Amino acid sequence: MLPERFQIGAAEILVGCDLDETVRIAAGQFVAMARNRVAASRDFCVALSGGSAPRPLFQALASEPFASLVPWKHVQLFWGDERNVAPGDPQSNYSMADQLLLRRVAVPAENVHRVPTGNGTAIEAANQYEQVLREKLATQRGWPRFDLILLGVGSNGHTASLFPHRPTLHESRRLVVADHIEEVGGWRVTLTLPVLNNAAQIIMLATGEEKAAVVQRVLQGPRNPEETPAQLIAPEQGKLTWILDMAAARELRRHENDGKPNDVKRTRASW
Ligand code: 6PG
């Protein structure tokens, strides 16, 4: 069955019929963006997310047909957030990407910019990472601009490490902040919303029936960003794409978009 494609507000929604197709859609978008960027003689600057959703995507990007299509030596890798743990810790978002992707593709070590956690405080790591973003990224409107930021969404509506009711949701000056999150019992380091929403493209990847309720709440529920921070993801001059499997998209009303019927199309996945 062909994937669904429809709009909800400014967000493009792509729905794969199962996890494999959903991952192929996401990997295809990554490859296309990387190749377009490098064809314009620029490095492709991408921030990866953590959690479990990206695991199959990283495995896909490290395998054919995708691995040999990505111009890895011109890819600059960053992270949208990180736990305050050492790089080899099983909880580390970097460690997951390293095991599933970095060790299997030819991205140069000097192009991998992990959040420098594990040898100091989370606040120190956030301050250091701000410098990395300033050095490595071009700016637009005074903020570092990523070509792509990959994000997930937690069942509580958080994204990156921007959690409900946290002051970090209102950060308007810093690029990167540290926050102690009771709910997860530890410190996190996260890009701030001005940086996230300055990206050329954001892909929100969510799969599995356990995400159906939060996906519907973020996209079609009452506007309540304090409760549901993922509602604050809205690139100012960029594209927002939600890539979902049918399980995670199950509660979305396909025929309602600010009162106007959605024109749900079934289009051939780019891969
Ligand atoms: C992290 C992630 C986080 C993640 C969501 C969804 O550090 O945990 O960056 O923001 O994207 O928690 O996680 P799952 O995909 O595991 O549900």
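Shown above is the structure to which this text applies.
One structure accompanies this document, and this report is about it. Since the structure is predicted, the reported quantities are computational estimates derived from the model, not experimental observations.

Structurally, the position occupied by Asp147 is in the loop between strand E7 (143–144) and strand E8 (148–151). Within the structure, the side chain of Asp147 is placed 2.7 Å from the backbone nitrogen of Cys45, a separation counted as a polar contact. Sequence-distant contacts of Asp147, that is, excluding residues within four places in its chain, are made with Arg37, Asp43, Phe44, Cys45, Ala200 and Gln201.

Residue placement: Ile233 occurs in the loop between helix H6 (212–220) and strand E12 (239–245). Distance in space between the C-alpha atoms of Ile233 and His180 is 21 Å, their sequence separation being 53 residues. Ignoring any residue separated from it by four or fewer positions in sequence, one finds Ile233 in contact with Leu151, Thr159, Leu193, Leu196, Asn197, Ile202, Met204 and Leu240.

On to the sheet that holds strand E10 (residues 186–191), then. Taken together, 3 strands build an open sheet; the order of strands is E5-E10-E9 and the sheet is antiparallel. Taken across any chain shown, the strands that pair with only one partner, and hence form the sheet edges, are strand E5 (81–83) and strand E9 (176–181). Taking each pair of neighbouring strands and ignoring which way they run, the sheet shows an average axis angle of 20°.

As a further point, take the packing of aromatic side chains. Counted according to the given criterion, the structure contains 4 aromatic pairs. When the centroid spacing of 6.0 Å and the interplanar angle of 35° are considered together, the rings of Phe30 and Trp72 count as tilted. Of this pair, Phe30 sits in helix H1 (residues 19–39) while Trp72 sits in the loop between helix H2 (54–61) and strand E4 (75–79), and the two are 42 residues apart along the sequence. Ring geometry for Trp79 and Tyr94: centres 5.5 Å apart, planes at 65°, overall edge-to-face. Placement of Trp79 in strand E4 and of Tyr94 in helix H3 (residues 93–100) is noted, with a sequence separation of 15 residues between them. Of the two residues examined, Trp79 and Tyr94, each falls in the buried class.

Moving on to the pattern of salt bridges. Within this structure, the stated rule accounts for 11 salt bridges. Where Glu12 meets Lys239, a salt bridge forms, and the shortest distance between an N and an O atom there is 3.4 Å. A residue pair is termed long-range when its members are at least 10 positions apart, and Glu12 in strand E2 (residues 11–16) and Lys239 in strand E12 qualify at 227 residues. A relative accessible area of 8% means that Glu12 is categorised as buried. Its relative accessible area of 36% is what places Lys239 among the partly exposed residues. Its salt-bridge partner being Asp147, residue Arg37 comes within 2.7 Å of it at the nearest N-O pair. Of the two residues, Arg37 is situated in helix H1 and Asp147 in the loop between E7 and E8; the sequence distance between them amounts to 110 residues. Accessibility expressed as a relative area gives 10% for Asp147, which makes it buried.

Turning to the side chain of Asp245, a few remarks are in order. If you trace the backbone, Asp245 turns up in strand E12. Buried charged residue Asp245 carries no salt bridge. Nearest counter-charge: Arg254, at 9.0 Å. Here the side chain of Asp245 touches Ala248 through a polar contact of 2.8 Å, landing on its backbone nitrogen. Setting aside residues up to four positions removed in sequence, Asp245 forms contacts with Val15, Gly16, Asp18, Leu19, Thr22, Ala206, Thr207 and Gly208.

Quick look at the site of the ligand now. With respect to spatial proximity, 15 residues lie near the ligand, and among them Ser52, Asp81, Arg83, Ala160 and Lys211 are the closest. Contacts to the ligand include Asn93, whose side-chain N or O atom sits 2.9 Å from an oxygen atom. Here the ligand has 410 Å² of accessible area as a free molecule, and 88% of this is covered by the chains. Its residues placed into classes, the shell around the ligand shows 3 nonpolar, 8 polar and 4 charged.

Before going further, it helps to spend a moment on the packing of H2 against H3. Their axes nearest at 9 Å, the elements H2 and H3 cross at an angle of 35°. Crossing geometry of H2 relative to H3 is assigned as right-handed. For the pair H2 and H3, the contacting residues are Pro54, Arg55, Phe58 and Gln59 in the first and Met96, Ala97 and Leu100 in the second. Taken together, the residues of the contact of H2 with H3 break down into 5 nonpolar, 1 polar and 1 charged.

Rules of the game
- Residues numbered from 1 in each chain as written.
- Predicted model: local features only at pLDDT ≥ 70, side-chain atom pairs only at ≥ 80, totals over all residues.
- Heavy atoms only, no water.
- Helix = DSSP H or I, 4+ residues; strand = E, 2+ residues; numbered from the N terminus.
- Polar contact = N/O pair within 3.5 Å; in protein donor to acceptor, adjacent residues only side chain to side chain.
- Contact = heavy atoms within 4.5 Å.
- Pairing = 2+ DSSP bridges.
- Axes fitted to C-alpha atoms, helices over the stretch in contact; angles between N-to-C directions.
- Phe/Tyr/Trp six-rings, centres within 6.5 Å; stacked < 30°, edge-to-face > 60°.
- Buried < 20%, exposed > 50% of the residue type's maximum accessible area, 1.4 Å probe, protein only.
- Salt bridge = Lys/Arg side-chain N within 4 Å of Asp/Glu carboxyl O.
- Lys, Arg positive; Asp, Glu negative; His and termini not counted.
- Near = heavy atom within 4 Å.
- Areas by Shrake-Rupley, 256 points an atom, 1.4 Å probe, with all protein chains shown as cover.
- Nonpolar A, V, L, I, M, F, W, Y, C, P; charged D, E, K, R; others polar.
- Left-handed = near helix turned anticlockwise from the far one by under 90°.

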